[in-house]
Amino acid sequence: MFHPLRVREIERLTDDAVAVTFDVPPELRPAFRHTPGQHIALRRSVDGQEIRRTYSICTPATDEPLLRVGIRLVEDGAFSAYALKELRAGDTVDVMEPAGRFTLEPRPGHFVAIVGGSGITPVLSMAATLLARQPDARFCLIRSDRTAASTMFLEEVADLKDRYPQRFQLVHTLSREEQQAGLPSGRLDEERLRSLLPALLTVESVDGWFLCGPYGLVQGAERALRALKVPRGRIHEEIFHVDNGTATAPAVAAPAHSTVTATLDGRSGNWPVRDGESLLEAVLRNRADAPYACKGGVCGTCRAFLVSGEIRMDRNFALEAEEVDAGYVLACQSHPATEKVELDFDR
Ligand code: FES
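Residues numbered from 1 in each chain as written. Predicted model: local features only at pLDDT ≥ 70, side-chain atom pairs only at ≥ 80, totals over all residues. Heavy atoms only, no water.

**Some thoughts on the packing of aromatic side chains**
- This structure, assessed with the given rule, holds six aromatic pairs.
- An angle of 50° between the planes, with centres 6.0 Å apart, marks the rings of Tyr-55 and Phe-79 as tilted. Here Phe-79 lies in helix H1 (residues 78–85) and Tyr-55 lies in strand E4 (residues 49–56), a separation of 24 residues in the sequence. As far as the burial class goes, Tyr-55 and Phe-79 line up, both buried.
- These aromatic residues form a ring-pair network of at least three members: Tyr-55, Phe-79 and Tyr-82.
- A cation over an aromatic ring shows up here: Arg-44 above the ring of Tyr-82, its NZ or CZ 3.7 Å from the ring centre.
- A cation over a ring is seen here: Arg-303 above Tyr-328, with NZ or CZ 3.8 Å from the ring centre. (Phe/Tyr/Trp six-rings, centres within 6.5 Å; stacked < 30°, edge-to-face > 60°. Helix = DSSP H or I, 4+ residues; strand = E, 2+ residues; numbered from the N terminus. Buried < 20%, exposed > 50% of the residue type's maximum accessible area, 1.4 Å probe, protein only. Lys NZ or Arg CZ within 6 Å of the ring centre and 35° of its normal.)

Written out as structure tokens, the structure is:
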């Protein structure tokens, strides 16, 4: 559900990134409480067309939510360009309540994040919340950026290091710059991680791995972890920026006429699915309140339970393997493979 929120502050993080903080009025605070790692969707209208983008919350999870997101300018980014160039304190933006399952609930243990670029945003919230709330927890952050000047949240991360010298470990690699000390420059790819991780920590004793950033980095890190025999259930991923055409499912003949039945907020409806459109698009034509943000298979906002029928998903960068096994699908990526398909967005 969207709420109009006032922008309290816009802070420049780097040449191409800002942090935007929103005021959350007392009556909306319960709705905007987040679990570390979650994101919010922001929406605006451009030339009569609604656009939505999701951004991760970078602040720790507390009872009095301080809602701040990191936004980096992306090429042709209709929302990020607006946020960097036009948005001002005092403006109002429609903000969706926090969502997402790339989360870390504070608990004792050893956790590691491998992030690239703006992938630091949700992980900053995870690390800060965990270290503040769990004296028995440790966190290791392995981050990769192009240059020091392009690194988001440098100060906030340095602050964690000062505050928790025994429990917070930081490895920072720069891909386009020589570093003065520590690791040599270069990309954090699969090969490098396979040798770096065992030298840095006891891989088998890590309770949870959080991979976040561009597609290539997350895939490389996952392959490295699998090669190091890390069980799949301990690896959590969130991908930012997927190129169109990456890893799409093979085309399957679709039935000539199909219908989707969808339950949303306790109300059900049944509608035809037009040739080539996704189940989300079919539902949205009839129910404007159907949940979505990226429409690209990345954010997971459109997750629904497949009650009956079969579907074909183009791509999935949001659902964990267990969620797919349990019957969840991304409506924005799903096309009917049977004449009747039934989805439940409430489960
Ligand atoms: S709307 Fe983002 S995954 Fe479907």
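**Comments concerning the domain arrangement of the chain**
- Under the domain assignment used here, the chain contains domain 1 (2–96), domain 2 (110–241) and domain 3 (259–344).
- With six residues of domain 1 at the contact, the number on the domain 3 side is five residues.
- Between domain 1 and domain 3 the total buried area reaches about 480 Å² when both faces are included, carbon and sulfur atoms providing 53% of it.
- Of all residues in domain 1, the largest losses of buried area upon contact with domain 3 belong to His-39, Arg-52 and Thr-54, amounting jointly to 75% of the total for that side.
- The tally of links between domain 1 and domain 3 comes to zero salt bridges.
- Of the residues forming the side of domain 1 that touches domain 3, the biggest block, three residues, is contributed by E4.
- Counted by class, the side of domain 1 that touches domain 3 contains two nonpolar, two polar and two charged residues. (Domains from an automatic or database assignment. Contact = heavy atoms within 4.5 Å. Buried area = accessible area lost by both parts, 1.4 Å probe. Salt bridge = Lys/Arg side-chain N within 4 Å of Asp/Glu carboxyl O. Nonpolar A, V, L, I, M, F, W, Y, C, P; charged D, E, K, R; others polar.)

**What to know about the pairing of strand E2 (residues 17–23)**
- Burial analysis of E2 places six of its seven residues in the buried class, the great majority of the element.
- Bridge count for strand E1 (residues 2–14) against E2 is seven bridges, and the pairing is antiparallel. When the sheet's bridge partners are listed, Arg-12 is paired in E2 with Val-18.
- Between the end of E1 and the start of E2, which pair antiparallel, lie two residues.
- Here E2 pairs with strand E5 (residues 67–72) via six bridges, running antiparallel. By the bridge assignment, Val-20 is partnered in E5 with Val-69. (Pairing = 2+ DSSP bridges.)

**Some details on the nonpolar core**
- Within the largest apolar cluster, 29 residues are counted, with the highest numbers of intra-cluster contacts made by Val-123, Phe-139, Leu-141, Phe-153, Leu-160 and Phe-168.
- Looking at this core, the elements with two or more residues in it are E2, strand E7 (109–116), helix H2 (120–133), strand E8 (137–145), helix H3 (154–163) and strand E10 (208–214).
- If one sorts the elements of this core by residue count, H2 sits on top with eight residues.
- Three or more residues apiece are contributed to this core by two domains, here domain 1 (2–96) and domain 2 (110–241).
- Ranked by size, the runner-up nonpolar core spans 28 residues in total, among them Leu-319, Val-329, Leu-330 and Val-341. (Core = buried A, V, L, I, M, F, W, Y, C linked by side-chain atoms within 4.5 Å.)

**With respect to the environment of Arg-187**
- Along the chain, Arg-187 turns up in the loop between strand E9 (168–174) and helix H4 (190–200).
- Sequence separation of Arg-187 and His-3 is 184 residues, and the distance between their C-alpha atoms is 40 Å.
- Excluding anything up to four places from it in sequence, Arg-187 contacts Ser-175 and Arg-192.

**Thoughts on unusual backbone geometry**
- Here Asp-47, not a glycine, exhibits a phi torsion of approximately 50°, which is positive.
- As for its placement among the helices and strands, Asp-47 is situated in the loop between strand E3 (39–46) and E4.
- Assessed through its relative accessible area of 79%, Asp-47 is described here as exposed.

**Things to note about the sheet that holds E10**
- Spatial ordering of the open sheet is given by E9-E8-E7-E10-E11, a layout of five strands whose pairing is parallel. Either end of the sheet is taken by a strand with one partner, and the two such strands are E9 and strand E11 (235–240). Between one strand axis and the next, the sheet turns through 10° on average, direction left out of account.
- As paired elements, E7 and E10 share five bridges and run parallel to each other. The residue of E10 that forms the bridge with Ile-114 is Leu-211.
- On top of the sheet, H3 reaches E8 and E9; it is set at about 145° to E9, its chief contact.
- Against the sheet, helix H5 (residues 215–227) contacts E7, E8, E10 and E11, and its axis sits at roughly 150° relative to E10. (Axes fitted to C-alpha atoms, helices over the stretch in contact; angles between N-to-C directions.)

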